[in-house]
Amino acid sequence: MGTMIVLGHRKGIADAVARRGLEVFQVERKMKEALAGTRFALVDDLEDAQEVLRTVLGARLTDVVGVVTGHEQGVFTAALLRDHLGLVGDRDWARTLRFRDKYLQKAALPPDVPRARCRYIGPRTTYAELADGLGTPFVVKPANGAGSVGAAPIASEREFTRHLGARGGAGAAWVAESFVSGREFNIDGVWSRGRLRWCAVSRFHERPMHTNSGAVLASQVLSRKENAPFLDRAAALAERALGGLGAPDCVFHLEAFEDGDDLVFGECGTRTPGAHHTEIVQLTHGVDLYDLTVGLALGQDADELLAPRDPEAYFAYIYLRRFEGVELTRADFEKHFTFHELSYPDHPGGAGTGSYGRAGHALVSAPDNARLGELVARIVAFNESGRV
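We now turn to the structure provided with this report. Since the model is a prediction, treat every value here as computed from it, not as a measurement.

To continue, consider the overall build of the protein. A tally of regular secondary structure across the protein gives 13 helices and 16 strands. For a compact globule of 388 residues, the expected C-alpha radius of gyration is about 21 Å, and the protein comes in at 21 Å, within 12% of that figure. Seen through its C-alpha atoms, the protein measures out along the principal axes to roughly 55 × 55 × 45 Å. Counting across all 388 residues of the protein, residues that qualify as buried make up 53%. If you take every contact in the protein between residues at least 6 apart in sequence, the share linking residues at least 24 apart comes to 64%.

The structure is reproduced here in structure tokens:
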């Protein structure tokens, strides 16, 4: 029996490892209930490759067969571990950084891939020079950020100072990008042997960045019947971007924008999608991106792992929040809507708040995008106001 090193716990990945009869050695930032009964180690930072490598070497593992991660912070570290241990998968450190650092990624894209103008924010970079070069508003974000944390639109010198006043002296920690208008969508799929093997396209209810100012995160899988030309254009964008960036065999998550008739590249990670994208893709298409992540790490052929089905319904997720003056319980949601899955603790005190302001989540479905989009909008409005 071999051992799979998993950087950052994702239940779907842990389940896929277990189905193959493998042991798991999990490296995590904090203790979680899911780690009980498993072999694991805690580190301060999954992105600190030295710390993780020292931890793995100290564990004296002798039967490692693969390394996987479902988190952006683990992508570079996973490549370093594979290189040191001689394992299957991406072992190119510099290429890996093209899928972490937002400036390096946009600079490496082919000329025919539309993207925002992007530059690093150094310790002496001023609002005036960014506004002059990028226009206003422009967007600032951590160069190697994750989950829209720290991303914000900037339209004045006051906002710039307030958001980045304590940025320190690092020259590659933050980037500024020109603002791209339009709706945001994402492409989740599988790239192998230099081409796109399969993908699904989902559209956000609101931009994930807006969750930093109180918006509810939600996304739905798009149907081919209602969106065939758009889906073909999205797949072509993914082909050009991933091919131009020299993507390794991987599961990928690519975010982009519909700007009029143009599709504009946002960013792309070579890892399992976050939030509940992986779940709604599997529920809609029958494709388990967690399982594909593990299979590719073991050297399995992507085509042998892919068996998409024709959708019977289309799924969406909604990250439910708590709003001041709005008292809601799980029963309140269930009274007005039908859910495939619902999590909403009645007592917020012990529940905490997760990424994107999440207090709970809902998975819902409908036979088509028109009805699914209407349902998502109604649930979001109910979450925000408590009124149907």
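Here we take up the sheet that holds strand β12 (residues 250–259). Two strands in a sheet stick together by hydrogen bonds in their backbones, pointing the same way (parallel) or opposite ways (antiparallel). If you trace the eight strands from one edge of the open sheet to the other, you get β13-β12-β9-β10-β11-β14-β16-β15, paired in antiparallel fashion. Two strands close off the open sheet at either side, each with one partner strand: β13 (262–269) and β15 (341–343). Sheet twist, expressed as the average angle between the axes of neighbouring strands with direction ignored, equals 25°. With seven bridges connecting them, β12 and β13 associate as antiparallel partners. If you follow F257 over to β13, its bridge partner there is V264.

What follows is about the packing of helix α2 (residues 49–59) against helix α3 (residues 75–85). Running from N to C, α2 and α3 cross one another at 45°; their axes reach a closest spacing of 9 Å. Considering the angle they form, α2 stands oblique to α3. As α2 runs across α3, the sense of the crossing is right-handed. Each of A49, V52, L53, V56 and L57 in α2 lies in contact with α3, whose residues at this interface are F76, T77, L80, L81 and H84. Classifying every residue of the contact of α2 with α3 by side-chain character gives eight nonpolar, two polar and no charged.

Quick look at the pattern of salt bridges now. The full count for this structure, using the stated rule, is 22 salt bridges. Across the pair D112 and R240 runs a salt bridge whose closest N-O atoms are separated by 3.6 Å. Of this pair, D112 sits in the loop between α5 (102–108) and β5 (118–121) while R240 sits in helix α8 (residues 224–245), placing them 128 residues apart in sequence. Take D112: its relative accessible area is 46%, and that puts it in the partly exposed class. Residues D301 and R193 are paired through a salt bridge, measuring 2.4 Å at the closest nitrogen-oxygen approach. You can see D301 sitting in the loop between α10 (289–297) and α11 (302–305) and its partner R193 sitting in the loop between β9 (183–192) and β10 (195–204), a full 108 residues away along the chain. Look at R193 and you get exposed, because its relative accessible area is 51%. Residues joined by salt bridges that share partners form a network here, namely K102, K106, K141, E177 and E267.

Read across the open sheet, the four strands follow the order β5-β8-β6-β7; overall the sheet is antiparallel. A strand with exactly one partner marks an edge of an open sheet, and here the two such strands are β5 and β7 (152–154). Across this sheet, the average inter-strand angle for adjacent strands is 35°, counted without regard to direction. Sheet analysis places β5 next to strand β8 (residues 174–178), joined by four bridges and oriented antiparallel. Looking at β8, one finds that C118 is bridged to E177. Along the sheet, helix α7 (residues 157–164) contacts β5, β6 (138–142), β7 and β8; its crossing angle with β7, the most-contacted strand, is approximately 145°.

Here we come to unusual backbone geometry. Excluding glycine, a negative phi dihedral is what most residues carry, and trans is how most peptide bonds are arranged. Cis geometry is found at the peptide bond from T136 to P137, where omega equals -5°. As for its position among the elements, P137 is in the loop between α6 (127–134) and β6. Here the phi dihedral of R193 falls at roughly 50°; this positive angle occurs in a residue that is not glycine. For Y356, which is not glycine, the phi dihedral falls at a positive 60°.

Next up on the list: a nonpolar patch on the surface. Taken together, the side chains of M31, F40 and L42 define a hydrophobic patch exposed on the protein surface, amounting to about 270 Å² of accessible area. Take M31: it is sitting in the loop between β2 (23–28) and β3 (39–42).

Bringing the packing of helix α1 (residues 11–19) against α10 into the picture now. Axis separation between α1 and α10 bottoms out at 8 Å; the angle between their running directions is 55°. When the axis of α1 is compared with that of α10, the two are oblique. For α1 against α10, the interelement crossing comes out right-handed. Here G12, I13, A16, V17 and R19 of α1 come into contact with α10, specifically with Y290, D291, T293 and V294. Classifying every residue of the contact of α1 with α10 gives five nonpolar, two polar and two charged.

The periodicity of an α-helix, 3.6 residues per turn, causes residues three or four positions apart to be oriented the same way. Compared with an ideal rise of 1.5 Å per residue, which puts 22 residues at 32 Å, α8 spans 27 Å between its outermost C-alpha atoms and falls more than 12% short. Its maximal kink placed at F230, α8 deviates by approximately 45°.

Once that is clear, we can look at the environment of H361. Residue position: H361 is located in strand β16 (residues 360–366). Along the backbone, H361 and R60 are 301 residues apart, and their C-alpha atoms lie at a distance of 39 Å. Apart from residues no more than four positions distant in its own chain, H361 is found in contact with H276, I318, Y319, L320, E341, L342 and S343. A polar contact of 3.1 Å, which involves the side chain of H361, links it to the side chain of R358.

The rules behind these values
Residues numbered from 1 in each chain as written. Predicted model: local features only at pLDDT ≥ 70, side-chain atom pairs only at ≥ 80, totals over all residues. Heavy atoms only, no water. Helix = DSSP H or I, 4+ residues; strand = E, 2+ residues; numbered from the N terminus. Rg over C-alpha atoms; globule rule 2.2 N^0.38 Å. Buried < 20%, exposed > 50% of the residue type's maximum accessible area, 1.4 Å probe, protein only. Contact = heavy atoms within 4.5 Å. Pairing = 2+ DSSP bridges. Axes fitted to C-alpha atoms, helices over the stretch in contact; angles between N-to-C directions. Parallel < 35°, antiparallel > 145°, perpendicular 65-115°, else oblique. Left-handed = near helix turned anticlockwise from the far one by under 90°. Nonpolar A, V, L, I, M, F, W, Y, C, P; charged D, E, K, R; others polar. Salt bridge = Lys/Arg side-chain N within 4 Å of Asp/Glu carboxyl O. Patch = residues over 30% accessible without salt bridge, like charges linked within 9 Å, V, L, I, M, F, W, Y side chains within 5 Å. Areas by Shrake-Rupley, 256 points an atom, 1.4 Å probe, with all protein chains shown as cover. Expected span 1.5 Å × (residues − 1). Bend = angle between axes of the 7 residues up to and from the residue. Polar contact = N/O pair within 3.5 Å; in protein donor to acceptor, adjacent residues only side chain to side chain.

Geometric values such as these leave the question of function open.
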